[in-house]
Amino acid sequence: HTRARVEVGIHEGPRVRVGHIDVRGNEDTLESVVRGRLAFTEGDIYRVSALRTSQRRLGELGVFAGINIGFEDPDVEAPVKTVVVQLIEQLPQNLEIRGGFSLGQGLRAGLEYGYLNLLGRAMNFSLRAQGGLLIPIEALTPTFPVDVSTSDLLTASVTPSLSFPHIAPLGPRFSATLDGVLARSLQPPSFALTTFGGGASITFRPVPSLSFTLTGEVQRIATQLFGADSIEALLRNRYDACYAEQMVINPGNPDRWLSVCNTQQDTLSSQLRGIQAGSSLLGALRVGVAYDQRDSALTPTRGYYLSLTTELLNVFAFARTSRNEPDTLSRLTVHAEARATGYIPLPFGGWVLMVSGRVGQNFQLDDRPNARTHPSRLFFLGGANSMRGWLQNQLVPQDKVDEVRNVADAQERRVRLAQALGGELMLNFIVDLRIPTGLCGGGFCLALGAFLDVGNTWRDPTTLMSSFNLRYSPGVGLRVTSPFGIIAFDVGFNPAYEPLVREDWWQVQFSLGST
């Protein structure tokens, strides 16, 4: 016989209602917090969907190592049953202390402290603090200008954060965070950056896949340039110093001088990305919307993700380091960015095609015609998450590329390029194909990758039509799907590379969780 008859017998029991709710294992967490996360109450009809929603909401608090919800007597039929919420709490506190010494950072010490369940209300507090002192050592560390003191070589970072995953008056769909920062970072031997500020955000999730976030921030950002009163002067001084040094180290080898000093100039311009000379007091109000329909946030194979962010940036105060530099900083700017990403499973044994598009633009609400956005809000392309044929954030805006073509002096061209990174308008499109190899082990699977990145930026959006040119970067790579995301090793190519702006024809990229 090749066939059989299967009979399925179904016995419907009584419709069960929730009787008493018994919360167990919450030694530190208030029972009112636990009950506030439940999607059912006493007297409700028992539904599996409500149970799953309750488990997800309790997990979002981040204070439980184990959550189990079920009937007290699952095998006994009854119209009203007791529901047990069994919890295992995580250890509430953690502390890590570290220290060390290196030539690049000098002496340093720091600590990281966390409290997961403050006052039993699932409030999560964290504090990261670090301090350091760079010790100049001749011939081993960079040489600073003579006017730099020991106090200028101090670094510090203090970042407290308080999150509220449960806000009792508003319900389980709301969460909030408070963040602060006091930091002084050093980029030897060129400049130091000091940041002081704080922010607050509140998030509303009407359904798990949809979120609305409102964020307010205030920041004071101060840049201390060493041995110069403007970024342009700093770039010129550092290049001249490098050139003079190389003439002594490598006499009679001008090609070597140019290579070393151009590399140093590229590094410095990258460090100056998003930096405004002087002191700025910024206020920002940001609204974000995200809709996530991916089957997995870490290793998606189908679905899509949409996001839209709009920010109003107000420069309350600005103090220049040099009175000779014109003040063209826009006092009021709207920063907008939209992103759409889709994952399409192909009928070829697990192949996945990812298609993504991103567009952003700044809108100055300043009466001055030459007003420009604060550098911290410019758009940057290049690197593992955008244009893989370029180094991180090193794609020069198209109108700036066209501009330097008409500059004959090599030194002037280098200075202009060093200040050209970042655009007011950005377009970026990515197509990425993931091809499984079938090689898996220990939760890791190897896949091949092929991609095409297309995009560009423009410093002056009004030149879009006259200087429209989308750069492109094809490439190949390896993908490793893991429990903590997709690890990608890529080689991106730049077939139409521009030697004039020191582009190369290929780059190697590494990323985690980007494709």
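Here is a short report on the structure shown in this document. What you are looking at is a predicted structure, and each value in this text was computed from that prediction instead of being measured. (Residues numbered from 1 in each chain as written. Predicted model: local features only at pLDDT ≥ 70, side-chain atom pairs only at ≥ 80, totals over all residues. Heavy atoms only, no water.)

**Details of the overall build of the protein chain**
Operational definition: Here a helix means four or more residues in a row that DSSP labels H or I, a strand means two or more in a row labelled E, and each is numbered from the N terminus. Classification of residues uses two cut-offs on accessible area relative to the type maximum, computed with a 1.4 Å probe and protein chains only: under 20% is buried, over 50% is exposed, and between them is partly exposed. Contacts are assigned to residue pairs with any non-hydrogen atoms lying within 4.5 Å of each other. Surface accessibility in these figures is a Shrake-Rupley result with a 1.4 Å probe; residues are shielded only by whichever protein chains are displayed. Counting rule applied: Lys, Arg positive; Asp, Glu negative; His and chain ends not counted. Note on charges: their place is set at NZ of Lys, CZ of Arg, CG of Asp or CD of Glu.
The number of helices and strands found in the protein chain is six helices and 19 strands. Principal-axis analysis of the C-alpha atoms places the extent of the protein chain at approximately 95 × 60 × 50 Å. Across the 515 residues that make up the protein chain, the buried fraction comes to 40%. Excluding contacts between residues fewer than 6 apart, the proportion of contacts in the protein chain whose partners are at least 24 apart in sequence is 62%. As displayed, the protein chain offers around 27,000 Å² of accessible surface, 58% of which is attributable to carbon and sulfur atoms. Where the 46 positive side-chain charges of the protein chain centre and where its 48 negative ones centre are 3 Å apart.

**What about the packing of aromatic side chains?**
To be explicit about the condition: Stacked, tilted and edge-to-face are the three classes assigned to paired rings of Phe, Tyr and Trp, where Trp is represented by its six-membered ring and a pair needs centres within 6.5 Å; plane angles under 30 degrees give stacked, over 60 edge-to-face, the rest tilted.
If you walk through the whole model with that rule in mind, you get 13 aromatic pairs. When the centroid spacing of 6.0 Å and the interplanar angle of 50° are considered together, the rings of Tyr291 and Tyr304 count as tilted. Here the residue Tyr291 occupies a position in strand β11 (residues 278–292), and Tyr304 occupies one in strand β12 (residues 303–319), the gap between them amounting to 13 residues. By relative accessible area, Tyr291 is classed as partly exposed at 28%. Grouping aromatic residues by their ring pairs yields a cluster made of Phe174, Phe204 and Phe212.

**Digging into empty space enclosed by the protein**
To find the voids left in a structure, one rolls a probe of water-molecule size over its atoms. Inclusion rule: Definitions used throughout: a 1 Å grid over protein atoms alone; a cavity as a set of points that fits a 1.4 Å probe which cannot get out; a pocket as an open set with protein on both sides within 12 Å along at least five of seven lines; a lining residue as one with an atom within 4 Å of a point. Grid points are joined across faces, edges and corners, and a volume is the space filled by probe spheres set on the points. Charged residues are taken to be Asp, Glu, Lys and Arg, nonpolar residues to be Ala, Val, Leu, Ile, Met, Phe, Trp, Tyr, Cys and Pro, and polar residues to be all remaining types, Gly included.
Tallied over the entire structure, the rule returns one cavity of 30 Å³ or more. What the largest cavity holds in volume is close to 30 Å³. In terms of lining residues, the largest cavity is bounded by Glu217, Val218, Gln219, Leu282, Gly283, Ala284, Leu313 and Arg377. When residues of the lining of the largest cavity are traced back to their parent elements, those giving at least two are β10 (210–225) and β11. The class makeup of the residues in the lining of the largest cavity is four nonpolar, two polar and two charged.

**Examining the side chain of Asp399**
How we decide: Every case where a carboxyl oxygen of Asp or Glu lies within 4 Å of a side-chain nitrogen of Lys or Arg is listed as a salt bridge.
Within the secondary structure layout, Asp399 lies in helix α5 (residues 398–404). Buried and unpaired, Asp399 has no salt bridge, with Lys400 as the nearest side chain of opposite charge at 6.1 Å. Apart from residues lying up to four places away in sequence, Asp399 is in contact with Thr457, Trp458, Arg459, Asp460, Thr463 and Ser467.

**Overview of the state of the cysteines**
Operational definition: Working definition: a disulfide is two cysteine sulfur atoms within 2.5 Å of each other.
Here the structure, examined in full by the defined rule, presents two disulfides. Disulfide pairing places Cys242 opposite Cys261 at an S-S distance of 2.3 Å. In this structure the cystine formed by Cys242 and Cys261 twists about its S-S bond by roughly -95°; its chirality is therefore left-handed. Of the two residues, Cys242 is situated in helix α3 (residues 231–249) and Cys261 in helix α4 (residues 254–271); the sequence distance between them amounts to 19 residues. The burial state of Cys242 is the same as that of Cys261; both residues are buried. Cys440 shares a disulfide with Cys445; S-S distance 2.1 Å. Judged by the sign of its S-S torsion, about 115°, the cystine formed by Cys440 and Cys445 is right-handed. For Cys440, a relative accessible area of 55% gives the class exposed. Shown here for the protein chain is a disulfide pattern of 1-2, 3-4, where each number marks a bonded cysteine counted in sequence order.

**Brief notes about α3**
Put simply, the test is: Expected helix span is taken as 1.5 Å per residue step, with the number of steps being one fewer than the number of residues. The directions from the helix axis to the C-beta atoms form the arc being described. Distance and chemistry together define a polar contact, namely a pair of N or O atoms within 3.5 Å, with one atom able to donate a hydrogen and the other to accept it when in protein, and with adjacent residues in sequence counting only for side-chain atoms on both sides.
Taking 1.5 Å of rise per residue, 19 residues should cover 27 Å, and α3 covers 27 Å from first to last C-alpha, within 8% of that figure. Those residues of α3 not exposed but buried are Ile231, Leu234, Leu235, Tyr239, Cys242 and Gln246. With its buried residues spanning 125° around the axis, α3 presents them on a single face. Its side-chain oxygen at 3.1 Å from the backbone nitrogen of Ala233, Ser230 defines the N-terminal cap of α3.

**Let's talk about unusual backbone geometry**
Here the bond from Pro188 into Pro189 is cis, since omega is -5°, no more than 30 degrees from zero. Considering the arrangement of structural elements, one finds Pro189 in the loop between β8 (174–187) and β9 (191–207). Its identity is not glycine, yet Ala122 carries a phi of approximately 65°, on the positive side. One can find Ala122 in the loop between β5 (106–118) and β6 (123–133). For Ala122, a relative accessible area of 0% puts it in the buried group. Not every positive phi belongs to a glycine, and Arg502 is a case in point at roughly 60°.

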